[in-house]
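Chain residues, written in single-letter form:
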Number of protein chains: 2
Amino acid sequence: MSSSSTGSRGETVPTVPSAAGVADDVDDVDGVDISGVLDRGRTLATPVLRAAVDRLAPPMDTVAAYHFGWIDAEGRPSAGDGGKAVRPALALLSAEAAGAAPEVGIPGAVAVELVHNFSLLHDDLMDGDEQRRHRDTVWKVHGPAQAILVGDALFALANEILLELGTVEAGRATRRLTTASRKLIDGQAQDISYEHRERVTVEECLEMEGNKTGALLACAVSIGAVLGGADERTADALERYGYHLGLAFQAVDDLLGIWGDPEATGKQTWSDLRQRKKSLPVVAALSAEGEAAERLGELLAADAKSSDFENFSEEEFAARAALIEEAGGRDWTAQEARRQHTIAVEALDSVDMPEKVRRQLVALADFVVVRKR
Amino acid sequence: MSSSSTGSRGETVPTVPSAAGVADDVDDVDGVDISGVLDRGRTLATPVLRAAVDRLAPPMDTVAAYHFGWIDAEGRPSAGDGGKAVRPALALLSAEAAGAAPEVGIPGAVAVELVHNFSLLHDDLMDGDEQRRHRDTVWKVHGPAQAILVGDALFALANEILLELGTVEAGRATRRLTTASRKLIDGQAQDISYEHRERVTVEECLEMEGNKTGALLACAVSIGAVLGGADERTADALERYGYHLGLAFQAVDDLLGIWGDPEATGKQTWSDLRQRKKSLPVVAALSAEGEAAERLGELLAADAKSSDFENFSEEEFAARAALIEEAGGRDWTAQEARRQHTIAVEALDSVDMPEKVRRQLVALADFVVVRKR
């Protein structure tokens with residue numbers, strides 16, 4: 001690995017090789033209106049998601065509504081920040097990829113969002129994370145028991161939403177969702193166990209990120225097709241696209257977690273370093289040869305034992321980030337994002353789908369790696 | 001309600017009217033070898049359950065094995081106490097009720113056990129319970145994060161076990177399991193919210209117990225039949241049997257929770273009173289008219305505020321138990337167990353099943369209300 005030639009923090013998210021001319025403006029990627037694609041997913045899925053959450057018995061409905069950002073801690077309606085909504089957009093495109101109407105993908109979009117949010121509720125509690133989407137997490141506001149309980153309820157609701165369709169396709173879709181959920185849980189188990197280890201290999205890190213991020217994106221982009229009657233081969237190819245899209249997404253997330261602009265990400269500077277996260281740039285840097293990697297290894301080992309870590313200055317984190325960059329962790333991760341992006345886009349070649357849908361899926365992949373937040 | 005004419009603690013579990021001549025020896029109820037029925041369920045389901053749990057990634061497999069009692073806290077093999085195993089026995093009988101081989105019910109038995117244990121793992125953590133089946137609970141031994149994570153994994157595994165059968169029947173079975181899981185979660189939500197309330201009605205208590213105990217027993221006794229190709233009407237009738245069996249079971253549990261023999265139940269004396277549980281006898285007594293009910297209400301209201309409750313003597317709990325009995329809470333609950341038992345057994349009339357299977361289901365219902373632990 002060579003040292004990075006990239007510029008100052010926040011300006012170095014990887015350029016997508018296939019997307020010459022892609023501007024910083026993510027509203028238009030490859031001539032596709034990305035905001036429009038994401039908005040459609042959000043607009044079609046959210047009312048059905050809200051109706052599903054409304055089925056929960058009190059007080060679980062209220063706790064869930066708080067988690068989704070529909071109400072504040074006092075129960076007052078709130079505009080909310082539902083996130084980027086990549087998954088619902090993928091589920092609708094997935095249905096269209098199988099030649100079905102986008103609406104066919106809606107129950108899939110809702111089920112995937114429910115599973116995603118079940119895992120957020122439980123992970124935040126397990127990890128002791130106090131903030132999510134600029135607000136206190138559910139366990140902070142409503143207590144650990146409600147975080148566990150409402151997470152469980154959303155998980156059950158996800159299966160209910162699909163199975164009540166009562167079709168053979170719904171059974172197949174639920175099976176894929178269950179497989180993805182198991183991987184999500186495996187990934188969280190790995191994440192927890194890696195925290196207690198001094199060294200994690202790049203392969204272990206990629207496997208964990210594939211489980212935590214890839215599996216559910218893979219499910220999102222196959223579930224609509226399955227509901228639309230696609231065969232297993234088509235669904236598998238779409239899953240491959242989604243899985244590697246997830247890995248590209250996570251690699252970019254790991255870059256933003258260290259070098260992201262706090263104003264864009266809404267996170268603290270050096271966020272992942274403050275949390276001692278063994279993310280890809282860190283793991284890749286530690287596995288490199290040379291002086292920078294060695295010094296980084298010594299520093300992080302000392303940090304792990306330091307009682308003063310909480311009070312580290314900006315400069316101390318900046319020094320660690322510089323070493324990660326010098327050891328090649330930043331470049332390697334940017335290259336990995338491009339590599340995963342390429343595999344994802346290539347997976348689409350084996351699926352016979354409307355050209356417009358393919359262009360949107362490619363543009364979404366490009367968007368995922370050029371985003372700054 | 002009249003005051004109770006029953007004798008000393010531990011001797012007064014309700015007698016089943018239809019089961020004249022039922023002895024204390026539960027090995028033989030109505031000429032049916034109950035131990036044999038339960039053993040068959042345990043013997044056929046346990047290896048498949050263990051193989052399912054073995055699929056979990058480390059360390060979740062070990063944590064789950066500890067929970068099930070297959071290993072001790074140090075990881076050494078352990079004989080374990082898997083409980084009464086009523087649910088697996090019901091799932092196999094359920095398959096036979098639909099004219100299928102008992103083995104057809106095995107995936108259903110395993111899925112139901114997985115959901116049951118998912119709920120135990122999470123409930124013990126939410127309730128802060130430190131002991132289960134005479135051992136430290138998972139969150140005490142392996143920490144809260146593992147209790148959440150392994151609970152999630154068992155829940156996902158339950159659906160996986162069914163859906164990988166890949167049949168239409170498996171889809172229907174998963175849907176019933178999902179409905180039962182949602183009720184289980186609703187029941188826990190009610191249980192938690194009732195803890196913070198001074199008064200709970202008998203109806204609310206029965207609804208909560210129906211959700212927490214009835215729904216999964218209902219699923220156990222219908223899931224084998226569904227896997228065996230039974231129609232919805234048959235499955236619904238079997239569910240009715242299971243639901244009311246669950247309510248009978250819980251009513252007896254509530255009696256044993258106050259007046260059970262500690263040597264038989266493995267619990268402390270006055271166990272439910274020590275936990276301030278708003279169980280059926282308490283709720284029924286409080287809703288009665290008369291001096292005893294009034295005095296009980298005053299005492300329990302004072303107890304709720306008492307800082308000395310932890311140090312209460314045997315005599316103080318005995319005095320509360322006596323008031324519950326005097327107000328009619330004990331008699332009412334025993335009668336409720338018999339009433340639910342009757343509804344359960346009557347539900348079997350609408351199902352055309354082999355006479356041997358019917359006799360075993362009736363005997364299991366009788367067993368549930370005459371048991372002493």
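What comes next is a walk through the structure. (Residues numbered from 1 in each chain as written. Chains lettered and ligands numbered in written order. Predicted model: local features only at pLDDT ≥ 70, side-chain atom pairs only at ≥ 80, totals over all residues. Heavy atoms only, no water.)

Concerning unusual backbone geometry
Rules: Only DSSP runs of H or I with at least four residues qualify as helices, and only runs of E with at least two residues qualify as strands; both kinds are numbered from the N terminus onward. For every residue, the accessible area (1.4 Å probe, protein chains only) is compared with the maximum for its type, and the residue is labelled buried under 20%, exposed over 50%, or partly exposed between those bounds.
Omega for the peptide link from P58(A) to P59(A) comes to 0 degrees, which places this bond in the cis form. Among the structural elements, P59(A) can be located in the loop between α1 (34–54) and α2 (60–68). Look at W270(B): it is not a glycine, yet its phi comes out positive at around 50 degrees. In this fold, W270(B) is placed in the loop between α10 (262–265) and α11 (271–274). In this structure, R276(B) takes a positive phi of about 55 degrees despite not being glycine. Structurally, R276(B) is set in the loop between α11 and α12 (280–286). The exposure class assigned to R276(B) is partly exposed, which follows from its relative accessible area of 38%.

A few points about helix α8 (residues 202–227) of chain B
The following threshold applies: Working rule for helices: expected span equals 1.5 Å times residues minus one.
Taking 1.5 Å per residue as the helical rise, α8(B) with its 26 residues ought to reach 38 Å, and the 36 Å between its terminal C-alpha atoms agrees with that figure. In terms of burial, α8(B) is largely enclosed, as 22 of its 26 residues are buried.

Quick notes on a negative patch on the surface
Inclusion rule: Like charges within 9 Å and nonpolar side chains (Val, Leu, Ile, Met, Phe, Trp, Tyr) within 5 Å are joined into patches, using only residues over 30% in relative accessible area that form no salt bridge. In short, Shrake-Rupley with a 1.4 Å probe defines the accessible areas, and a residue's cover is counted only from the protein chains shown. The salt bridge criterion pairs a side-chain nitrogen of Lys or Arg with a carboxyl oxygen of Asp or Glu, the two atoms within 4 Å. Here Asp and Glu are counted as negative and Lys and Arg as positive; His is not counted, and neither are the chain ends. Lysine's charge is taken at NZ, arginine's at CZ, aspartate's at CG and glutamate's at CD.
Residues D27(A), D28(A), D30(A) and D33(A) make up a contiguous surface patch of negative charge. Locating D33(A) in the fold gives a position in strand β2 (residues 32–33).

What to know about the interface of chain A and chain B
This is how it is decided: Only heavy atoms matter for contacts: two residues are in contact if any of them lie within 4.5 Å across the pair. Buried area adds together the accessible area that both of two parts lose upon being put together, with accessible area traced by a 1.4 Å probe. Contacts described as polar in this section are N or O atom pairs within 3.5 Å, which, within protein, must combine one atom able to donate a hydrogen with one able to accept it, while residues neighboring in sequence count only if both atoms come from side chains. The nonpolar class holds Ala, Val, Leu, Ile, Met, Phe, Trp, Tyr, Cys and Pro. Asp, Glu, Lys and Arg form the charged class, and all remaining residues, Gly among them, are polar.
Taken residue by residue, the interface counts 32 residues in chain A and 32 residues in chain B. Counting each side, the surface lost to burial between chain A and chain B is near 2900 Å², with a carbon and sulfur contribution of 72%. Residue E160(B) is joined to R182(A) by a salt bridge in which the shortest nitrogen-to-oxygen separation is 2.8 Å. For the interface between chain A and chain B, the tally reads four residue pairs in polar contact (both at pLDDT 80 or more). When contributions to the side of chain A that touches chain B are tallied by element, the ones reaching two or more residues are α4 (106–127), α6 (144–163) and α7 (168–195) of chain A. In terms of residue count, the dominant contributor to the side of chain A that touches chain B is α6(A) (twelve residues). Counted by class, the side of chain A that touches chain B contains 18 nonpolar, seven polar and seven charged residues.

Notes on the environment of G108(B)
Residues and elements named next belong to chain B. With respect to the helices and strands, the residue G108 is situated in helix α4 (residues 106–127). Using a relative accessible area of 0% as the deciding quantity, one classes G108 as buried. Along the sequence, G108 and L90 sit 18 residues apart, while their C-alpha atoms lie 9.9 Å from each other.

Quick word on the relation of the copies chain A and chain B
Under the convention used in this document: The copies were overlaid with a least-squares fit restricted to C-alpha atoms from residues scoring a pLDDT of at least 70 in each copy.
The two copies are related by a screw motion: chain A maps onto chain B through a turn of 180 degrees and a shift of 0.0 Å along the axis, at an RMSD of 0.0 Å. Expressed as an axis order, the relation between the two copies is that of a two-fold axis. It is G171(A) whose C-alpha, among those of chain A, lies nearest the rotation axis, at 2.7 Å. In this assembly, 100% of the residues forming the interface of chain A have copies in chain B that are likewise at the interface, indicating an isologous arrangement.

Re the environment of F249(A)
Residue and element names in this part refer to chain A. Mapped onto the elements, F249 comes out in helix α9 (residues 232–259). Under the relative-accessibility criterion, F249 is labelled buried at 14%. Residues F249 and V369, spaced 120 residues apart in sequence, show a C-alpha to C-alpha distance of 6.2 Å.

Regarding the nonpolar core
Across soluble globular proteins, nonpolar side chains show a tendency to be buried alongside one another. Spelled out, the test is: For the purposes of this section, nonpolar cores are sets of buried Ala, Val, Leu, Ile, Met, Phe, Trp, Tyr and Cys residues that join through side-chain atoms within 4.5 Å.
Y241(A) and Y241(B) are the most contacted members of the largest nonpolar core, which totals 208 residues. Aside from chain neighbours lying at most four places away, what touches Y241(B) is L90(B), V221(B), A344(B), V345(B), A347(B), L348(B), L361(B), L364(B) and A365(B).

Considering the packing of aromatic side chains
Note the threshold: Think of it this way: a Phe, Tyr or Trp ring, Trp meaning its six-membered ring, pairs with another when their centres are within 6.5 Å, and the plane angle makes it stacked under 30 degrees, edge-to-face over 60, tilted otherwise. For a Lys NZ or an Arg CZ to count as sitting over a ring, it must be within 6 Å of the ring centre and within 35 degrees of the ring normal.
Taken as a whole and judged by the stated rule, the model has eleven aromatic pairs over all chains. Ring plane angle 50 degrees and centroid distance 5.0 Å describe the contact between F309(B) and F312(B), whose orientation is recorded as tilted. Residue class for F312(B) comes out buried when judged on its relative accessible area of 11%. A cation over an aromatic ring shows up here: R276(A) above the ring of F309(A), its NZ or CZ 3.9 Å from the ring centre.

Regarding the packing of helix α9 (residues 232–259) of chain B against helix α15 (residues 329–347) of chain B
All names here are of chain B. Basically, it comes down to this: Each axis is a line fitted through C-alpha atoms, taken for helices only over the stretch in contact, and angles between the N-to-C directions span 0 to 180 degrees. Angle categories are assigned with fixed cut-offs, so that under 35 degrees is roughly parallel, over 145 is roughly antiparallel, 65 to 115 is roughly perpendicular, and the rest are oblique. Helix crossings get a hand from a simple test, with the near helix turned counterclockwise from the far one by less than a right angle marking a left-handed crossing and a clockwise turn marking a right-handed one.
In the contact formed by α9 and α15, the axes pass within 8 Å of each other and the chain directions differ by 160 degrees. Taken as axis vectors, α9 and α15 run roughly antiparallel relative to one another. Crossing handedness for the pair α9 and α15: left-handed. On α15, the residues that touch A237, R240, Y241, H244, L245, L247, A248, A251, V252, L255 and W259 of α9 are R330, T333, A334, A337, Q340, H341, I343, A344, V345 and A347. A class-by-class count of the residues in the contact of α9 with α15 yields 15 nonpolar, four polar and two charged.

Description of the environment of P354(A)
Residue and element names in this part refer to chain A. Secondary-structure assignment places P354 in the loop between α15 (329–347) and α16 (355–370). The class of P354 is partly exposed, set by a relative accessible area of 38%. Distance from P354 to D236, taken between C-alpha atoms, is 18 Å for residues 118 residues apart in sequence. Here P354 is in contact with E96 and A97, once residues within four sequence places are set aside.

Some points on helix α1 (residues 34–54) of chain B
All names here are of chain B. Cut-off, in case you're wondering: The term bend refers to the angle at a residue between two fitted axes, each drawn through seven residues, those ending there and those starting there.
In this model α1 runs 30 Å from its N-terminal to its C-terminal C-alpha over 21 residues, within 8% of the 30 Å that 1.5 Å per residue would give. Maximal helix bending in α1 amounts to about 35 degrees, located at A45; proline P47 follows within four positions. Listing the buried residues of α1 in full gives I34, V37, L38, G41, A45, L49, A52 and V53.

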